[in-house]
Amino acid sequence: MSTQKAHDKTLWIETPLIRSTHLSTLLHCNVYLKLETFQPAQSFKCRGVSYFAQHALRTHGPDVHLMIASSGNAGLAAAHAANALGLRCTVFLPNGISQTNIDTIRRAGAEGVTEGDYYVQALQLARKTMQETPNAIMVPGYDNPVLWEGHASMVHEIKRQLPQGVKPDAVVCSFGGGGLAGGIIEGCKAVGWDDVPLVTAETHGSNCFYQTLSLNEGPFAGDAPRRSGTPSTVAHLTHLTSRASSLGASSPSPTVVRKALDRKGGVRSVCVTDEMTMQAAVHFAEDHKVLVELACAATLACAYNPNVLKKVVPEVTVGEDSTIVLIVCGGFKITLAEMEEYRRDLAADVATADGEWKVAYNGEMFTTPKIA
Amino acid sequence: MSAITDSILESQCSDKLWLETPLIRSVHISSLLQSNVYLKFETLQPSQSFKHRGISFFAQNALRTHGPDVHLIIASGGNAGLAAACAAKVLKLRCTVYLPHGVSQSTIDFMRKEGAEVVVAGSYYLEALRRAEEAVQAEPKAVMIPAYDDPILWEGHSSMIHEIQRQLPKGTKPDAIFCSVGGGGLAGGVIEGCRAVGWDDVPLVAVETHGSNCFYQALSLNEGPFSGDVSSRQVFEGTRAERCHAHDVTVAHLSTLRSKATSLGASSASAAIVKKALNRKGGVRSICIPDEMAMQATLRFAEDHKTLVELACSATLAPAYKPSVFRRLVPVPETSQLATVVLVVCGGFKISLEDLVEYRRAVEADVAAGGDWDVAYNGETFTASKAE
C-alpha cells in the first residue's frame, strides 16, 4: 500500500447500531447497541489506536516502530493497525496473559514481549526499549487527544445511524482509563450533543474514575474534600480487585476527568458489582448471541438491571420515545470457559442469603435485587 | 388516501427493512487456510438471521399489493417466523405465526415481544403449516409468507450479494461462496444475486448435514456435478424421488430428518433452486457433514469471533475449519494470488450457552471414540480428521 493510501484509508469499520428488542422491552424505551465487537481487533480500541498509528506514519515515516504496553485489547488493535500499514509493532504484555491471547496478537503480525507481573512493569520495559530503539514511538493506552479523536468517530456514526433527528437521552460506556469516554465526549461535542448525559460504568474493584470524581467539585453528592491547586485531583489506586481486568487502570486521564466535569450534559458515574457484569454478559450472550468481556458488560449491567437505569437516567421512564445508546465496547479475551465460570459464579451469588447487589452512583449507594 | 399517507406508504414499501451487514475478513480462518476468508454476518439482522431480507421484502410486497389491512401468516419453527414478526411490526401489519408444539417458551416470548400473535398448533411443522393454510383460506385479507420457495424471497435475500460485491476490495471476485442449505431459499438468493452482479461463474459451495440433506439428495437424482451415471445412483433409504415437470428436474422427498441442525429442516428442496444450481455457470459443490463437525465449528467460531450461531449456520463454517476439506472444495488458485472465499454466516436465534456446553460434551465424546468423520461431496465420500 502506498504511503498516501495508508494515511487516508480508514482502518476501522462503521459498526452496526442495533435496536435491541429485549432491552427495549425490558426498559420501555428505545435501547440501541453500538457493536464495537465487529472491529478488526474486536474492540473499539481499533478506532483511536489505528488513527494514532496513521498519525505516527505521517509524522515519522514508514520506518516508524510502534510500541505499546497492553494487557490485550489495545495491543491487538496496534498489531492490526501496524499490519495494515506495513509498520513494525512490538506489544509488551504482563506475564499471566494466556498463551492463546499472546498467539492472537502474534498472528496479527506484532512481536509480543512478556515482562513483569503487572501492566506497569510491562509499561516500564516498553518505555526503556523505546528510548533505545531508533524511530520508535509509544502508542498511548488512553490518555491522548489523537486517540480520542479516533474514538470519536463512533459518535458521528451513531448520529447518522439513529432515526433521523433523534438525540439520545443518555449514552452509556465503560470507563477504564477514560479513552473511550474521552472519545465519546469529544464526539458529542462535535455533533452538537454536548448536553447529552453520559453514564460511565465501572466495577467497585476497578473504579479510578468514580474515586477521582469524588475528590472534585462536580456531580457527586456532598462537599468535595479539600484539594491542592491542581485543575482536577486524580485518584491513584494501588490495588485493582475486579475480575473486569480490561478496565484495569489505576488512574484516569486527568484531561478526560476535566472534560467530563465541564461538559453540559454532565457525567453520571456508576459502579456495579462483578456479579452484575457477569449477569449482563450471560444475558447479552443469550439475547444477542455475542460474547463480551466483563469490562464491556459493566455498561450492559446498567440496562439489564432496570432499577439502575431508572435511578441513573430517570428521564427515560417518562415515555416510550426515550432513546439510550449503549456502547458495546467489545474485547477479544472472552472465552466460552469464562462464560461457564460466570454462569456458575452468578448462580452461586444469587443463591446466597443476602439478596441484593450494591451500586454506587455519583457519591451515593443504593441496592438492587440480585437477579439470575 | 392523503398525499402524506401515500408517501408514508410509499416509503414503507421501498425503504429496505434489512441492515447492510458487515463483511469481516477473518484473521483466524484466513491464516488457517492461507486464503482471504470473509464472513458475511447475517446474525446482525433485526431478527438475527438472513431470513430478514427475503421475508421483509415479501411483507413489503404484500403491503403494496393488498394494502395496510393485509394479515401476514407464516408457519415456522423459528427464524422465518421471527423475521415475519419483526417486519410486520415495522410495517404496522398484523402477523400470526403458527408454531408446532414443543417450541421453546423463549421462542414464543421473542415473537410476542415483536408484536406477533402466536398460535401453537400441531405436533410437528407440517401440521402447523396445515393450520396456517386453513387460516389463509378462511380470511380474505390473509397472505401466507412462504418459507423458502418463492422468487420474491430470493430477490430479497439476493441483496446480500450486492452488498458483498461492494464490500470486498475493489474488483475482487470470490473464488467460492459458501452457504448452508435447508430448503434452498438462501442458496436461491445467492444464485440470483450472483447472476445480477456478473458472478454467475462463481462456484457455490452448498453445505448440509447428513441427517438433513434434501438438496444433496435432489442433486444426486439429476444429471450434473455428481460423479457416476445418474441412472446408477440409488435413492436414499426413506426418500421418495419425484419428477417436477414445471422445472424439469427430479426432487427428493425425505421422510425423516435426523440432524440436530433443525433449522435446515426441509424435507424437500425447492425444485426451482435445484434447477438453477444445476444450470449456473459456476456450478454447485454440494457437501454433507456430520452434526458433530458442525458442533465443533460452532465452538471454534464462538472462541474466534465471539459470536454464537446455530448448527445450521455453523455447517457453512465447518469445512473452513478443516483445511483438508477446504482444499478439496476450493483448490489453490493457479495464479500466485490467495483464494478469496466468502462464508455466509446466516445466523439464527435458537442457540444458547447451554447448547454450547452440550456440543462440547458431544464433540469430546465423539473424538474420544476415535475414527474419522465421513464427508459426502458431489456423490463421493471421503474422511476428515476429527482432531484437525
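Our structure is the block above this text.
This write-up is about the structure you can find in this document.

One non-glycine residue, Lys289(A), lies in positive phi territory at about 65°. With respect to the helices and strands, Lys289(A) occurs in the loop between α11 (274–288) and α12 (294–304). Since its relative accessible area comes to 6%, Lys289(A) is described here as buried. A positive phi angle, near 70°, is found at Gln48(B), a position not held by glycine. Mapping Gln48(B) onto the fold places it in the loop between β2 (36–41) and α3 (51–66).

Quick look at the sheet that holds strand β13 (residues 372–377) of chain B now. Residue and element names in this part refer to chain B. Spatially, β1-β2-β12-β7-β8-β11-β13-β14 is the arrangement adopted by the eight strands of the open sheet, whose pairing is mixed. Every other strand in the sheet has two partners, leaving β1 (23–25) and β14 (380–385) as the edge strands with one partner each. Ignoring strand direction, the axes of neighbouring strands in this sheet form an average angle of 25°. Direction of pairing for β1 relative to β2: antiparallel, over a ladder of three bridges.

Moving on: the state of the cysteines. Residues and elements named next belong to chain A. Tallied over the entire structure, the rule returns zero disulfides over all chains. Sulfur of Cys 29: no disulfide; nearest cysteine sulfur belongs to Cys 302 and is 13 Å away. Between Cys 302, a cysteine without a disulfide, and Cys 271, which holds the nearest cysteine sulfur, the sulfur-to-sulfur distance is 9.7 Å.

Below, the discussion takes up the environment of Ala122(A). Residue and element names in this part refer to chain A. Structurally, Ala 122 can be placed in helix α6 (residues 119–132). Among the residues examined, Ala 122 registers a relative accessible area of 0% and is labelled buried. Distance in space between the C-alpha atoms of Ala 122 and Ala 69 is 5.9 Å, their sequence separation being 53 residues. Setting aside its immediate chain neighbours within four residues, Ala 122 contacts Ala 69, Phe 92, Leu 93, Pro 94 and Glu 115.

With that settled, consider empty space enclosed by the protein. Taken as a whole, this structure holds one cavity of 30 Å³ or more when the rule is applied. As a volume, the largest cavity reaches approximately 170 Å³. Lining the largest cavity are 18 residues, and of these Ile18(A), His288(A), Thr43(B), Gln45(B) and Gln48(B) lie nearest its centre. Contributing elements (two or more residues each) for the lining of the largest cavity: β1 (17–19), α2 (21–27), β2 (30–35) and α11 of chain A. Here the lining of the largest cavity takes three residues from α11(A), the largest share from any one element. Residue classes in the lining of the largest cavity are distributed as eight nonpolar, seven polar and three charged.

Attention now moves to the packing of aromatic side chains. One pass over the full model with this rule turns up ten aromatic pairs over all chains. Over the face of the ring belonging to Phe366(A) we find Lys311(A), whose NZ or CZ atom lies 5.4 Å from the ring centre. Against the face of Phe382(B) rests Arg328(B), its NZ or CZ located 4.0 Å from the ring centre.

Residue and element names in this part refer to chain A. Across four bridges, strand β4 (residues 88–93) lies against strand β5 (residues 111–114) in parallel orientation. Residue pairing in the sheet places Phe 92 in a bridge with Val 113 of β5. Regarding topology, helix α5 (residues 99–107) serves as the crossover connection from β4 to the parallel β5, and that connection is right-handed.

A common way to express how large an interface is: the accessible area buried when the components associate. Contact with chain B, which involves 29 residues of that partner, is made by 28 residues of chain A. When chain B packs against chain A, close to 2400 Å² is buried across both sides, 63% of that on carbon and sulfur atoms. Our enumeration of links across chain B and chain A arrives at one salt bridge. A salt bridge links Arg343(A) to Glu354(B), with the nearest nitrogen and oxygen atoms 2.8 Å apart. Listing elements by their share of the side of chain B that touches chain A, those giving two or more residues are α2 (27–33), α5 (105–113), α12 (291–305) and α15 (353–368) of chain B. Residues that form the side of chain B that touches chain A fall into these classes: 15 nonpolar, seven polar and seven charged.

A separate point is the packing of helix α3 (residues 45–60) of chain A against helix α7 (residues 145–161) of chain A. All names here are of chain A. Viewed as axis vectors pointing N to C, α3 and α7 meet at an angle of 130°, and their least axial separation amounts to 7 Å. By the angle class used here, α3 and α7 are oblique. The two elements α3 and α7 meet at a crossing, and its hand is right-handed. Residues Lys 45, Arg 47, Gly 48, Val 49, Tyr 51, Phe 52 and His 55 of α3 form the contact with α7, whose participating residues are Val 146, Leu 147, Glu 149, Gly 150, His 151, Ser 153, Met 154 and Glu 157.

All right, on to a nonpolar patch on the surface then. Together, Tyr118(A), Tyr119(A) and Val120(A) give the surface a local cluster of nonpolar side chains, amounting to about 320 Å² of exposed area. As for its position among the elements, Val120(A) is in helix α6.

All names here are of chain B. On the secondary structure map, Gly 238 appears in the loop between α10 (214–220) and β9 (239–244). A relative accessible area of 44% means that Gly 238 is categorised as partly exposed. For the pair Gly 238 and Gly 115, spaced 123 residues apart in sequence, the C-alpha separation works out to 40 Å. Setting aside residues up to four positions removed in sequence, Gly 238 forms contacts with His 253, Leu 254 and Ser 255.

As a further point, take the environment of Met278(A). Structurally, Met278(A) is set in helix α11. On a C-alpha basis, the gap between Met278(A) and Glu341(A) in space is 9.2 Å, while along the polypeptide they are 63 residues apart.

Rules and cut-offs
Residues numbered from 1 in each chain as written. Chains lettered and ligands numbered in written order. Predicted model: local features only at pLDDT ≥ 70, side-chain atom pairs only at ≥ 80, totals over all residues. Heavy atoms only, no water. Helix = DSSP H or I, 4+ residues; strand = E, 2+ residues; numbered from the N terminus. Buried < 20%, exposed > 50% of the residue type's maximum accessible area, 1.4 Å probe, protein only. Pairing = 2+ DSSP bridges. Axes fitted to C-alpha atoms, helices over the stretch in contact; angles between N-to-C directions. Disulfide = S-S within 2.5 Å. Contact = heavy atoms within 4.5 Å. 1 Å grid on protein atoms, 1.4 Å probe; cavity = no way out; pocket = protein on both sides within 12 Å on 5 of 7 lines; lining within 4 Å. Points joined across faces, edges and corners; volume = space filled by probe spheres on them. Nonpolar A, V, L, I, M, F, W, Y, C, P; charged D, E, K, R; others polar. Phe/Tyr/Trp six-rings, centres within 6.5 Å; stacked < 30°, edge-to-face > 60°. Lys NZ or Arg CZ within 6 Å of the ring centre and 35° of its normal. Right-handed = clockwise from strand over helix to strand, strands pointing away. Buried area = accessible area lost by both parts, 1.4 Å probe. Salt bridge = Lys/Arg side-chain N within 4 Å of Asp/Glu carboxyl O. Parallel < 35°, antiparallel > 145°, perpendicular 65-115°, else oblique. Left-handed = near helix turned anticlockwise from the far one by under 90°. Patch = residues over 30% accessible without salt bridge, like charges linked within 9 Å, V, L, I, M, F, W, Y side chains within 5 Å. Areas by Shrake-Rupley, 256 points an atom, 1.4 Å probe, with all protein chains shown as cover.

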